[in-house]
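# Summary of structural features
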Amino acid sequence: MTLSSQPADDAEPLAKPIVSLKSVTKRFPGIVANDSISIDFFPGEVHVLLGENGAGKSTLVSMLSGLQQPSEGSIAVDGTEMPIASPQKALSLGIGTVFQHSMLVPSLTLIDNVNLGGSWWKTPDREAIAKRMEETALSIGVEVNPAAITSSLSLGEQQQAEIVRALMRGSRFLILDEATAMLTPKDAEKLGQLMRRLVAQGLAVIFITHKLNEAVAYGDRISVLRLGRKVGALGPDELKSLGPEAATKEIIRLMFGSNGNQAAETTRAAGSARPLVTATDPLLEILALEVDDDSVPVTGIELKIGAGEIVGIAGIDGNGQKQLSEALAGQRPVKNGRIYLDGQPIEDLPIGARRHRGLRYVTDDRLGEGTVGAFPVSINLLLKQIGEAPFWRSGIEQGGAIAENARKQVKDYDIRTPDIETPAGKLSGGNIQKLLLARELTGSARAVIFAKPTYGLDLNNIAASRRRIREAADGGKAVIVLSTELDELIELSDRIAVMSQGRIVGIVENDGDARQKIGEFMSGVAA
Amino acid sequence: MTLLTAAFLTALLAGAITAGIPLLLAGLGEQLSEKTGVLNIGIEGMMLAGAYLGFLVAWKTDSVFLGFVGGAGGGMLVAAIMALLCVRFGLNQIVIGIALTLGAEGATAMLHYFQFAQTYPRLGAISSLPIPLLADIPVLGPALFNRPPIVYIALLLVAVFAYVYRKTYWGIALQAAGDKPAALDSSGVSVLGIRSVAVLLTGALVGLGGGFMAIVGAGIFVPFMTNGNGFIGIVLAMLARGRPLWVLGGAALFGACLSLTTALQVAGVDIPTDVIQMLPFAAVMGVLVMLGRKANLPSALGAAYVRGAR
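Residues numbered from 1 in each chain as written. Chains lettered and ligands numbered in written order. Predicted model: local features only at pLDDT ≥ 70, side-chain atom pairs only at ≥ 80, totals over all residues.

An unreviewed UniProt entry annotates chain B as Nucleoside ABC transporter membrane protein of Neorhizobium alkalisoli.

How we decide: UniProt positions are given in the numbering used here, feature names are shortened, and annotations may be inferred rather than shown by experiment.
In the annotation of an unreviewed UniProt entry, the entry for chain A reads Nucleoside ABC transporter ATP-binding protein, and the organism field reads Neorhizobium alkalisoli. You can read under Sequence similarities (unreviewed entry) in the UniProt record for chain A the words "Belongs to the ABC transporter superfamily."

Listed below in structure tokens is the structure:
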């Protein structure tokens, strides 16, 4: 894929970047979304920004497109530092953005969507715009129907229309934010080819994705973000000399890091003293499970989890993990397939009945569906048992029993709260997680599903959560851990299943080279 | 049926127009706000403010024209508060809307008490502007084409809005502000600006409707005289799904119901007056049950726009 407009390798430092980020930092209350990031974007290149969810890609995009301002650092356009104060300013600088979620008005035609920025007192010349739109589309080799109502088009078609619109507005710096995330594989490939044609015309394209194979296939230059920091970059010459396979390996190393390894290795060693589970009768068995969903339907899930076994489910966020865990917990109807707990089918049982059988779900949405923030800790600890004896009798609250239960759990699970009557919403994230763990792990738990159990927690609470998970398995429970953190799964799991687009694309034993195999399954290389 | 005489029909139709014009203006105004994503519950209050100020100005200046200007101004005054609080500061549109309605009811009732409660001043009959030839058609002529100019203007507004919504950049921007404000913002158009202007214009239209009730309809201002007309306007806007012509149809239907109420009472039909007075509201509920399900409203309706929030 050599392109005439691409700078020759040795001349590269001389090429002038269109846009440069100079140690840009963006803080939100409580988190640093971007931490002193410096990146140059060159014309004639597809520059891939890679990173997991929460790595800070979207924040970077919103600063480039004028939706947000950096807290520190600056952005230079054509070598001149200037604030991109508004979306309008970004457009006038030639920065066009195609957001992950369509920025077309669904009830308007494509023509009128192009017209969005027009002076209000004028009447649009729809025919001329339609003509110009068709010409622009033709020049980059795509087809659009300008008169179509936007909502009648597929996501791929809408995206092409957005790119055409950006070009019609004079964009020379095109940001495609998670552009392939919602597309079918075929549409994604078309988009990839379109990106190549755009840079061949001298545009700069930023392509944000978390799919490694796409990054390697379409990118000229790759920057990897992790937890808000730029952790590495591959230039055009490196990418070429490495070849797709070696480049993928290098990117996996950058994305998932190797720093956590040592800790993982040691705990793993301690953990493996636990007798590895041999194939006894599975405690929790999932057969050919299908779950309906508009964006990510889940199909063909087969998993058997024995007593005392931890099965990790890896995958990029949004590949059906939430749908699967909710279906298991009973919060979402099962379309097809069976779920057995202790040999009994439970797929038709409601949430409460599954809980009584011993199925527990520790949600990752701790403040949303996990707790009622305004309720005291004591009631939140019983949220799934409201109305049940001994805490309620004939519908009357039994204050003594509730308080006793709360005091015991607060002590056992080391929940740091001023008082058992403190509203749960006032606790820190780590203590809310402890509250959830206390609620879900006590009593007659048989099988426990943990969704992103350490998401957003600090180191101590991460360690505490992981210890609880291990203890649960040691106590003979069947455990599923869904996580986007590979290190965590490698530390905890006996086996790791990889989910992609609603399916389990592979299951690996957690031995020495699990990390590499999982990375390949995730990126679609091995699939 | 001795009821269906030409005189009765003329009176019925003329009454439908008189009752329907405020509904039409309220419906068109609400439609404009809702298109941009602002659920304007405050139009009842804007209407009442328009009725009060319209009457006051018309009475003091002895000018019907200035009266209508005052009516539109009264509506805009209340609308300005709504634009400031709901659009600029992003406060809850329903709470503020209800507060504005209650506030306007209280304020105008109090002003009425101090200014008019002793004397109950009345305006003279409004001179009408017969349209040549058309005014001579039996029944339709006197009811439709021999009316004050404001009636023609209100009807003309239907066409104006139909044109604006379909043919202008502004119409596109209005719809985008209600359906996908982020898309409009990223195209470099101020969502808050578009919404503020729409709410202010809503105030002017609705205030004009209120002024019509006081100046043309009643010739007098009494507290709470808008009597739910603003709320019926909200229903009309929701049923019309963004189309001005549908607002006209709805306003005609409900206006006819209101007019029928009076006509039946005058004709001495042997039905309890309470039942007759229920008619327009029963019609609202009936139409809602039949069509309400299909009311597809702008997706950002009722939500304040904050840049970058998802």
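Next comes the rest of the write-up.
## Remarks on the overall build of chain A
This is how the line gets drawn: Secondary structure follows DSSP: runs of H or I at least 4 residues long count as helices, runs of E at least 2 residues long count as strands, and numbering of each begins at the N terminus. Partly exposed residues are those falling between the two cut-offs: more than 12 but fewer than 20 other C-beta atoms within 10 Å of their own, whereas 20 or more means buried and 12 or fewer means exposed, with C-beta atoms placed from the backbone. Any two residues are considered in contact once their C-beta atoms, placed from the backbone, lie within 7 Å.
Across its full length, chain A carries 18 helices and 22 strands. Here chain A holds 527 residues, and 47% of them are scored as buried. Taking all contacts inside chain A whose residues are at least 6 apart in sequence as the whole, residues at least 24 apart take part in 68%.

## Considerations on the overall build of chain B
The helix and strand inventory of chain B stands at 12 helices and 2 strands. Counting from the amino terminus, helix and strand elements in chain B follow one another as α-α-α-α-β-α-β-α-α-α-α-α-α-α. Put simply, chain B has 310 residues, and 51% of those count as buried. Considering only contacts within chain B whose residues lie at least 6 apart along the sequence, 77% involve residues at least 24 apart.

## Quick word on the sheet that holds strand β15 (residues 344–345) of chain A
Two orientations exist for strands paired in a sheet by backbone hydrogen bonds: parallel and antiparallel. Residues and elements named next belong to chain A. We apply this condition: By definition, two strands form a pair when at least two bridges between them are found by DSSP.
Reading across the sheet, the 4 strands line up as β12-β11-β14-β15 and stay open at both edges, with antiparallel pairing between neighbours. Every other strand in the sheet has two partners, leaving β12 (298–306) and β15 as the edge strands with one partner each. In the sheet, strand β11 (residues 282–291) pairs with β12 via 6 bridges, with the strands oriented antiparallel. Looking across to β12, one finds that L289 is bridged to I301.

## What to know about the interface of chain A and chain B
With 24 residues of chain A in contact, the opposing surface of chain B contributes 20 residues. For the side of chain A that touches chain B, the element with the most residues is helix α2 (residues 87–92) of chain A, which contributes 3 residues.

## So, the pairing of strand β13 (residues 310–314) of chain A
All names here are of chain A. Burial analysis of β13 places 5 of its 5 residues in the buried class, the great majority of the element. Where burial is concerned, the two faces of β13 agree: the one with I310, G312 and A314 and the one with V311 and I313 are both buried. Relative to strand β20 (residues 478–482), β13 runs parallel, the two sharing 4 bridges. From the neighbouring strand, I313 faces β20, where its bridge partner is L482. The pairing of β13 with strand β21 (residues 495–500) spans 4 bridges and is parallel. Bridge pairing links G312 to I496 in β21.

## Observations concerning the pairing of strand β8 (residues 204–209) of chain A
Residue and element names in this part refer to chain A. Most of β8 is tucked away: 6 of the 6 residues are buried. Across the two faces of β8 the burial is the same, with A204, I206 and I208 and V205, F207 and T209 all buried. Sheet topology note: the strand β3 (residues 46–50)/β8 ladder contains 5 bridges and is parallel. Residue pairing in the sheet places V46 in a bridge with V205 of β8.

## Regarding the packing of helix α2 (residues 43–61) of chain B against helix α4 (residues 93–115) of chain B
Residues and elements named next belong to chain B. Selection criterion: Under this scheme, a helix contributes an axis fitted over its contacting stretch, all axes are lines through C-alpha atoms, and angles between N-to-C directions fall in the 0 to 180 degree range. These descriptions rest on fixed angle ranges, namely under 35 degrees for roughly parallel, over 145 for roughly antiparallel, 65 to 115 for roughly perpendicular, and the rest for oblique. In this scheme the handedness of a crossing depends on how the near helix is turned from the far one: anticlockwise by less than a right angle means left-handed, clockwise means right-handed. For this classification, the nonpolar set comprises Ala, Val, Leu, Ile, Met, Phe, Trp, Tyr, Cys and Pro, the charged set comprises Asp, Glu, Lys and Arg, and every other residue, Gly included, is treated as polar.
Direction vectors running N to C along α2 and α4 enclose 20°, while the axes themselves pass 7 Å from each other. In terms of their interaxial angle, α2 and α4 are classed as roughly parallel. With respect to the hand of their crossing, α2 and α4 are arranged in left-handed fashion. Contact residues: α2 offers E44, G45, L48, A49 and Y52, while α4 offers L100, T101, G103, A104, E105, T108 and L111. Split by residue class, the contact of α2 with α4 holds 6 nonpolar, 4 polar and 2 charged.

## Remarks on the environment of S71 of chain A
In this structure, S71 of chain A sits in the loop between α1 (57–64) and β4 (72–77). With near-sequence residues (within four places) excluded, S71 of chain A lies in contact with T25, K26 and R27 of chain A.

## A look at the environment of R446 of chain A
Residues and elements named next belong to chain A. Following the sequence through the fold, R446 ends up in the loop between α15 (429–441) and β19 (447–451). Looking at R446, the number of C-beta atoms within 10 Å reads 16, which means it is partly exposed. Sequence spacing of R446 and G476 is 30 residues, and the spatial spacing of their C-alpha atoms is 7.7 Å. Each residue touching R446, except ones within four places of it in the same chain, is listed here: L283, L341, D342, G358, L359, K477 and A478.

## Quick look at the sheet that holds strand β6 (residues 95–98) of chain A
Residue and element names in this part refer to chain A. The strand order across the open sheet built from 6 strands is β6-β7-β8-β3-β9-β10, with neighbouring strands paired in mixed fashion. One side of each edge strand has no neighbouring strand; the edge strands of this open sheet are β6 and β10 (229–234). Across the sheet, the mean angle separating the axes of adjacent strands is 20° when strand polarity is ignored. Pairing analysis gives 4 bridges linking β3 to strand β9 (residues 221–226), with the strands arranged parallel. Counterpart to L49 in the pairing with β9 is S223.

## Some remarks on the confidence of the model for chain B
The cut-off we apply is this: The predictor attaches a confidence to each residue, called pLDDT, with possible values from 0 through 100.
Residue-level pLDDT values for chain B average 87, and 96% of them are 70 or greater. Across the assembled chains, the prediction reports ipTM 0.77 with pTM 0.69.

## Points about unusual backbone geometry
For the peptide bond that leads from A389 of chain A to P390 of chain A, omega is 0°, which places it in the cis range. Among the structural elements, P390 of chain A can be located in the loop between α13 (377–380) and β17 (392–393). Despite not being glycine, Y120 of chain B shows a phi value in the positive range, around 45°. Among the structural elements, Y120 of chain B can be located in the loop between α4 and β1 (129–130). Look at F224 of chain B: it is not a glycine, yet its phi comes out positive at around 60°.

## With respect to the packing of α2 of chain B against helix α10 (residues 229–240) of chain B
All names here are of chain B. Contact geometry of α2 with α10 gives a least axis separation of 7 Å together with a crossing angle of 135°. By the angle between their directions, the pair α2 and α10 is classed as oblique. When you trace α2 past α10, the crossing you get is right-handed. Across the interface between the two elements, I43, E44 and M47 of α2 pack against N229, G230, F231, G233 and I234 of α10.

## So, helix α12 (residues 273–291) of chain B
Here is the rule: The length a helix should cover is 1.5 Å for every residue beyond the first. Note that the bend at a residue is defined as the angle between axes fitted to the seven residues ending at it and the seven residues starting at it.
With 19 residues, α12 of chain B should reach 27 Å at 1.5 Å per residue; the first-to-last C-alpha distance of 28 Å fits that figure. L279 of chain B marks where α12 of chain B bends most, by close to 40°; the proline P280 of chain B follows one to four residues later.

## As for the confidence of the model for chain A
Parts of the model with low pLDDT should not have their predicted coordinates read in detail. All names here are of chain A. Per-chain confidence: chain A averages 84 in pLDDT, with 89% of residues scoring 70 or above. For the stretch residues 1–13, pLDDT sits under 50, and the model shows 15 contacts to residues farther than four places along the chain or on other chains. Overall, residues 259–275 carries pLDDT values under 50, and its contacts beyond four positions in sequence, including any with other chains, amount to 8 contacts.

## Describing helix α4 (residues 126–139) of chain A
Taking 1.5 Å of rise per residue, 14 residues should cover 20 Å, and α4 of chain A covers 20 Å from first to last C-alpha, within 8% of that figure. Where α4 of chain A ends, the next residue or the one after it, G141 of chain A, has phi of about 75°, a positive value.

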